[in-house]
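Chains, contacts and geometry: an overview
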Amino acid sequence: LDALPNVVFNGEVSTISKLCRPIERDSRQKIFDIEVKIKVSDERLKPGMTVSCEFICAELEDAFYAPVQCVESIEGVHYVTLKKGMEKMAVNIGPSNNSHVVLKGNFKSGTQLVPVSSKFETTNN
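Residues numbered from 1 in each chain as written. Predicted model: local features only at pLDDT ≥ 70, side-chain atom pairs only at ≥ 80, totals over all residues. Heavy atoms only, no water.

1. Examining the overall build of the protein
The helix and strand inventory of the protein stands at one helix and nine strands. Tracing the protein from N to C terminus, the helices and strands come up as β-β-β-β-β-β-β-β-β-α. Scaling as 2.2 N^0.38, a compact globule of 125 residues should have a C-alpha radius of gyration of about 14 Å, whereas the protein reaches 19 Å, well beyond that. The principal-axis extent of the C-alpha atoms belonging to the protein is close to 60 × 35 × 25 Å. (Helix = DSSP H or I, 4+ residues; strand = E, 2+ residues; numbered from the N terminus. Rg over C-alpha atoms; globule rule 2.2 N^0.38 Å.)

Below, the structure written as structure tokens:
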């Protein structure tokens, strides 16, 4: 609950919208509107209150993840560009959400990647 960020309410998803929408105007991030039925009533809950939710679908250990803006797909092959040397590298991808994607392979902590839009800006200037 946005008004009570430190209070946890247990609930159950009752409705998920069939279509996603941009989180903000001109954003590549998409969201689905959902309705959650609260399991136990609470007098602090009022009609029209807003919430921000994240649903944990999987927990991954020792995973290297990158912003989705750093991964590009060309003819079905996924690539990232390493900041060091601007080297383009083919990668296999794993689970993703609206902001990050898991990259499979031999990546080291601290590896810096270049967002796709940044590469075009540096080559055009």
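Next comes the rest of the description.
2. Concerning a nonpolar patch on the surface
Residues V13, I16, F32, I34, V36, I38 and F55 make up a contiguous nonpolar surface patch of about 590 Å² in total accessible area. Elements represented by at least two residues in the nonpolar patch include exactly strand 1 (11–16) and strand 4 (34–38). Per-element accounting of the nonpolar patch gives the leading share, three residues, to strand 4. Relative to the helices and strands, I38 is located in strand 4. (Patch = residues over 30% accessible without salt bridge, like charges linked within 9 Å, V, L, I, M, F, W, Y side chains within 5 Å. Areas by Shrake-Rupley, 256 points an atom, 1.4 Å probe, with all protein chains shown as cover. Salt bridge = Lys/Arg side-chain N within 4 Å of Asp/Glu carboxyl O.)

3. As for the confidence of the model for the protein
Confidence along the protein averages 84 in pLDDT terms, with 93% of residues attaining 70 or more. Segment residues 120–125: pLDDT under 50, and one contact once partners within four positions in sequence are set aside and those in other chains are kept. (pLDDT = per-residue confidence, 0-100. Contact = heavy atoms within 4.5 Å.)

4. Quick look at the nonpolar core
Counting residues in hydrophobic clusters, the biggest one holds 11 residues: F64, A66, C70, V71, V80, L82, V91, V101, L103, F107 and L113. Looking at this core, the elements with two or more residues in it are strand 5 (64–67), strand 7 (77–82) and strand 9 (100–104). Beyond its immediate sequence surroundings of up to four residues, C70 is in contact with Y79, V80, T81, L113, V114, P115 and V116. (Core = buried A, V, L, I, M, F, W, Y, C linked by side-chain atoms within 4.5 Å. Buried < 20%, exposed > 50% of the residue type's maximum accessible area, 1.4 Å probe, protein only.)

5. As for the pattern of salt bridges
Applying the stated criterion across every chain, the model contains three salt bridges. Notably, a salt bridge pairs D33 with R21, separated by 3.0 Å at the nearest N-O pair. Residue D33 is found in the loop between strand 3 (30–31) and strand 4, and its partner R21 is found in strand 2 (residues 21–22); the two are separated by 12 residues along the sequence. For D33, a relative accessible area of 38% gives the class partly exposed. The class for R21 is partly exposed, based on a relative accessible area of 37%. Of the charged contacts, one joins E72 and K88 as a salt bridge, the two residues approaching to 3.7 Å between their closest N and O atoms. Separated by 16 residues along the polypeptide, E72 in strand 6 (residues 72–74) and K88 in strand 8 (residues 87–96) bring together distant segments of the chain. With a relative accessible area of 15%, E72 lands in the buried category.

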